[in-house]
Amino acid sequence: MIEFVKTKDGSPTIYDPETGEHHHSLIGSYTEARYKFAEVARSIIQKKSRINLLDLPFGLGYNLIATLDVLREVENTSKKDNGNSVKQKFLECVAVEKDRKVIEAIGYYPWQEPLKGKFVQLKNVLNEGNQIEAKDFSLNLIIDDLLLVLPKIHQSFDLIFYDPFSPKTSPDLWSREKVLKFFYELLAPGGLLITYTASNKVRKGLQEVGFYIAPSVAVGRKMPGTIASKEPLEASFSEETFEKIQKASSY
Ligand SMILES: C[S@@+](CC[C@H](N)C(=O)[O-])C[C@H]1O[C@@H](n2cnc3c(N)ncnc32)[C@H](O)[C@@H]1O
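Residues numbered from 1 in each chain as written. Predicted model: local features only at pLDDT ≥ 70, side-chain atom pairs only at ≥ 80, totals over all residues. Heavy atoms only, no water.

Peer 1: I'd love a proper account of the nonpolar core, names of residues and values included.
Peer 2: Core analysis: the largest hydrophobic core is formed by 73 residues, its most contacted members being Leu64, Leu139 and Phe183. Per-element accounting of this core gives the leading share, 8 residues, to helix H3 (residues 62-82). Apart from the residues within four sequence positions on either side, Phe183 is in contact with Leu56, Leu150, Ile160, Tyr162, Leu193 and Phe211. (Core = buried A, V, L, I, M, F, W, Y, C linked by side-chain atoms within 4.5 Å. Buried < 20%, exposed > 50% of the residue type's maximum accessible area, 1.4 Å probe, protein only. Helix = DSSP H or I, 4+ residues; strand = E, 2+ residues; numbered from the N terminus. Contact = heavy atoms within 4.5 Å.)

Peer 1: I'd like a rundown of the pattern of salt bridges, residues and numbers included.
Peer 2: Per the stated rule, a full pass over the model turns up 15 salt bridges. Between Lys48 and Asp158 there is a salt bridge whose closest N-O contact spans 3.0 Å. Within this pair, whereas Lys48 is found in the loop between helix H2 (42-47) and strand S4 (50-56), its partner Asp158 is found in strand S8 (residues 157-162), the two being separated by 110 residues in sequence. On the basis of relative accessible area, Lys48 is assigned to the partly exposed category, the value being 33%. Across the salt bridge formed by Glu104 and Arg100, the nearest N and O atoms sit 3.7 Å from each other. With Glu104 and Arg100 both in helix H4 (residues 100-108) and 4 residues apart, the pair spans about one turn of that helix. By relative accessible area, which is 37% here, Glu104 ends up partly exposed. Connected through shared salt-bridge partners, Arg176, Glu177, Lys181, Lys204 and Glu208 make up one network. (Salt bridge = Lys/Arg side-chain N within 4 Å of Asp/Glu carboxyl O.)

Peer 1: Run through the side chain of Ser229, naming residues and quoting values.
Peer 2: Its location among the elements puts Ser229 in strand S11 (residues 226-229). A polar atom in the side chain of Ser229 sits 2.9 Å from the backbone nitrogen of Glu231. Ser229 has contacts with Leu187, Gly191, Leu192, Phe211 and Tyr212, leaving out every residue within four places of it along the chain. (Polar contact = N/O pair within 3.5 Å; in protein donor to acceptor, adjacent residues only side chain to side chain.)

Peer 1: An account of the site of the ligand is needed here, citing residue identities and associated values.
Peer 2: Within the structure, the ligand sits among 18 residues, and His24, Pro57, Glu97, Asp145 and Asp163 are positioned closest to it. Between the ligand and His24 there is a distance of 2.8 Å, counted from an oxygen atom to a side-chain nitrogen or oxygen. Contact distances for the ligand include 2.9 Å between a nitrogen atom and a backbone N or O atom of Leu146. Isolated, the ligand exposes 610 Å² of accessible area, and the fraction of that covered by the protein chains is 95%. (Near = heavy atom within 4 Å. Areas by Shrake-Rupley, 256 points an atom, 1.4 Å probe, with all protein chains shown as cover.)

As structure tokens, this is what we get:
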């Protein structure tokens with residue numbers, strides 16, 4: 001059985017002995033998912049009623065859980081302002097995770113409230129043929145190596161979350177040819193690719209495949225994450241900031 005480690009906000013994470021990395025920042029698994037991924041995606045969630053998300057790798061599913069929290073918050077606010085005629089938002093998520101044991105762990109971890117309620121639908125995903133169809137979201141969970149799956153996906157996404165282990169321990173997962181170039185093909189116009197790394201090499205790779213990039217927010221790490229888009233991004237960083245990032249980047 002996988003051993004869990006409690007993070008500062010009380011949400012559990014997993015230590016991966018192969019890479020020597022935890023799945024999440026110890027400041028909080030949920031906190032990181034919410035502020036590094038879901039909140040960064042808020043503008044897209046506000047704009048669209050049907051949102052396609054490619055969630056890589058799925059891990060314990062925190063990024064999806066936190067995104068559904070933002071989606072429901074956005075929807076409740078819009079219902080308050082405009083009444084019940086507001087069109088129900090729907091998140092269609094395709095996710096990939098290599099390690100079946102991690103998904104099994106979602107099922108047997110003794111979740112406590114408020115996470116218990118948030119994870120209740122995910123707990124049975126393996127018994128449901130790796131699919132979930134719910135009122136406001138669907139999940140198609142592919143259990144495989146994302147390096148093999150990426151070339152086979154032929155769909156476009158408004159959001160791509162990229163949250164693998166670090167470039168230092170898993171360089172293949174950040175390769176321009178094996179990974180980043182597929183993201184450019186898979187991202188819809190107006191969409192956002194969101195990742196936690198500030199790695200200069202990864203940022204350069206994203207630009208080389210055609211993306212505009214900008215820093216996102218720093219949560220539980222020294223450096224901010226990165227967002228990438230096919231259109232110029234407003235929050236672009238200055239040369240000075242870029243130099244600082246280059247010097248400080250620990251990857
Ligand atoms: C940092 S964790 C992901 C956390 C996750 N996004 C969440 O919200 O909980 C990294 C995950 O990458 C998975 N992984 C590692 N190599 C992979 C690969 N080649 N393909 C798919 N998943 C992989 C690991 O099993 C682990 O679950």
